[in-house]
Amino acid sequence: MYCQLISELVRNAPTPTNMDSTEIQNQPPSGQKKFRFQNIVLALLAVVFFAVLIAVDADVIASDASKKQADSTLAGKKPLPPSAPPEKSVASDEPHGYYHGIDISHFQGDFESDITPEDSITFVIAKATQGSNFVDPEFHYNWTTATQKGLIKGAYHFYMYGSDPVQQADFFWSTIGELGPQDIAPVIDLENGNLPEGATVSADEFSADVGQFLDRLTSHCSCTPIIYGDKYFLEQYLPDTSFSKHPLWIAQYTSASEPSLPSVWEEVGYMIWQKASPVTVDHTQLDFDVYYGPKSGLWKK
């Protein structure tokens, strides 16, 4: 483009005025040289002028390209500064797996001292209390031994309908004493044995009392207690969907790949599955429990 403009400028360069072609031809040699010199100067000035224009345009183009590149970078995710560590999700990096456990009471006697790493036991849930005044004779031993063996531990309360639910919660918590950050949340054991023999108890009455127990226990432990029970008992006596906020420890002895759940927990699922009764650890028969997920998922929440 610039070359064409230069060519046009030279071609259209002014000629001396008041001269026709004959007069120009008759000019003396010095006049012809002077006229040619003027044309050369004009051409050189034109070249310099357009060279400057080209250089200016190149700077503008380069600046525009840099701006577009910067705009493209800003349009995406802003990179972390060099000193900032990359984002990392600890929870996503924790491996998931099957972890096996047992639940025990004084009926199994003193057996925890016989558990070895070869038994593949990760957690123990020990019976602590029943009703408003019964403490399992082996609870404190089982609780201490689980800690010494590096097992994740939990405690459960066998609920008794007809006894004040708030007093039962207070009694259960005072027996446990406290929970560490890596202990399992406290458990309420719900089953037919909770009901007075021969008594008729409505679902509304039973679930209302259990709700009071759980609310009181929650205020003590600052976590969400776990509910233990089988599908049919929980289906009948805890029909309210509000109980689904409590993790479920489902008791169901089956060879199926998954347990069948009470309707309240069908969408949220279960936490622990008591799937076999009994199993043997060093010739002692125990209930067998399984948990699937990250190991930290067993800790109280």
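Thresholds, definitions, all that
- Residues numbered from 1 in each chain as written.
- Predicted model: local features only at pLDDT ≥ 70, side-chain atom pairs only at ≥ 80, totals over all residues.
- Heavy atoms only, no water.
- Helix = DSSP H or I, 4+ residues; strand = E, 2+ residues; numbered from the N terminus.
- Buried < 20%, exposed > 50% of the residue type's maximum accessible area, 1.4 Å probe, protein only.
- Contact = heavy atoms within 4.5 Å.
- Areas by Shrake-Rupley, 256 points an atom, 1.4 Å probe, with all protein chains shown as cover.
- Phe/Tyr/Trp six-rings, centres within 6.5 Å; stacked < 30°, edge-to-face > 60°.
- Lys NZ or Arg CZ within 6 Å of the ring centre and 35° of its normal.
- Axes fitted to C-alpha atoms, helices over the stretch in contact; angles between N-to-C directions.
- Left-handed = near helix turned anticlockwise from the far one by under 90°.
- Expected span 1.5 Å × (residues − 1).
- Salt bridge = Lys/Arg side-chain N within 4 Å of Asp/Glu carboxyl O.
- Core = buried A, V, L, I, M, F, W, Y, C linked by side-chain atoms within 4.5 Å.

A. Seen up close, the overall build of the chain. Counting its regular elements, the chain contains eight helices and nine strands. A burial count over the chain gives 37% of its 301 residues as buried. By sequence separation, contacts in the chain at least 24 residues apart represent 64% of the contacts at least 6 residues apart. Accessible surface computed for the chain: about 17,900 Å², of which carbon and sulfur atoms make up 55%.

B. Main features of the packing of aromatic side chains. All chains considered together, the criterion is met by 11 aromatic pairs. A centroid spacing of 4.7 Å and a plane angle of 70° characterise the contact between Y228 and W249, whose relative ring orientation is edge-to-face. Residue Y228 is located in strand 6 (residues 226-230), and its partner W249 is located in strand 7 (residues 248-251); the two are separated by 21 residues in the primary sequence. In this pair, the class of Y228 matches that of W249, namely buried. The structure contains a cluster of three or more aromatic residues connected by ring pairs, namely Y159, Y161, F206, F213, F233 and Y237. In this structure, K153 packs its charged tip against the face of W143, placed 4.8 Å from the ring centre.

C. How the structure looks around the packing of helix 6 (residues 165-176) against helix 7 (residues 203-221). Interhelical geometry of helix 6 versus helix 7 gives an angle of 35° and a closest axis separation of 8 Å. Crossing hand, helix 6 versus helix 7: right-handed. For the pair helix 6 and helix 7, the contacting residues are P165, V166, Q168, A169, D170, F172 and W173 in the first and D209, Q212, F213, R216, L217, H220 and C221 in the second.

D. How the structure looks around helix 7. Compared with an ideal rise of 1.5 Å per residue, which puts 19 residues at 27 Å, helix 7 spans 26 Å between its outermost C-alpha atoms and is within 8% of the ideal. Taken residue by residue, helix 7 has F206, S207, D209, V210, G211, F213, L214, L217 and C221 as its buried positions. If you follow the buried residues of helix 7, they end up packed against strand 4 (152-158), helix 6, strand 5 (187-189), strand 6 and helix 8 (231-237). Once helix 7 finishes, S222 follows within two positions and takes phi at roughly 55°, a positive value.

E. Main features of the pattern of salt bridges. By the definition in use, this model includes two salt bridges. When the shortest N-O distance is used, the salt bridge between D183 and K153 registers 3.0 Å. Here the residue D183 occupies a position in the loop between helix 6 and strand 5, and K153 occupies one in strand 4, the gap between them amounting to 30 residues. For the pair formed by D183 and K153, the shared burial category is buried. A salt bridge links R216 to D170; the nearest nitrogen and oxygen atoms lie 2.7 Å apart. With R216 in helix 7 and D170 in helix 6, the pair connects residues that are 46 residues apart, well separated along the chain. Classification of R216 by relative accessible area gives partly exposed; the value is 34%. For D170, a relative accessible area of 24% corresponds to the partly exposed category.

F. Up close: the nonpolar core. L190, F206, V210, I227 and L238 are the most contacted members of the largest nonpolar core, which has 58 residues in total. Non-local contacts of F206, meaning those with residues more than four positions away in its chain, are made with Y159, Y161, L190, N194, L195, V201, F233, Y237 and L238.

G. The arrangement of the environment of V210 in detail. Its location among the elements puts V210 in helix 7. Look at V210 and you get buried, because its relative accessible area is 0%. Those residues in contact with V210 that sit more than four places away from it in its chain are Y159, I188, L190, L238 and F243.

H. A look at the environment of G293. Tracing the backbone through its elements, the reader meets G293 in strand 9 (residues 284-294). On the basis of relative accessibility, which here comes to 3%, the residue G293 falls in the buried class. Taking C-alpha positions, G293 is 6.7 Å from Y98, a pair spaced 195 residues apart along the chain. With residues near it in sequence (within four places) discarded, G293 still touches P95, H96, G97 and Y99.

I. Summary view of unusual backbone geometry. Not every positive phi belongs to a glycine, and S222 is a case in point at roughly 55°. Assignment of secondary structure puts S222 in the loop between helix 7 and strand 6. Accessibility expressed as a relative area gives 63% for S222, which makes it exposed.

J. Just the side chain of Q168, in detail. Locating Q168 in the fold gives a position in helix 6. Beyond its immediate stretch of four places on either side in the chain, Q168 contacts G131, S132, H157, F158, Y159, M160, S163 and F213.

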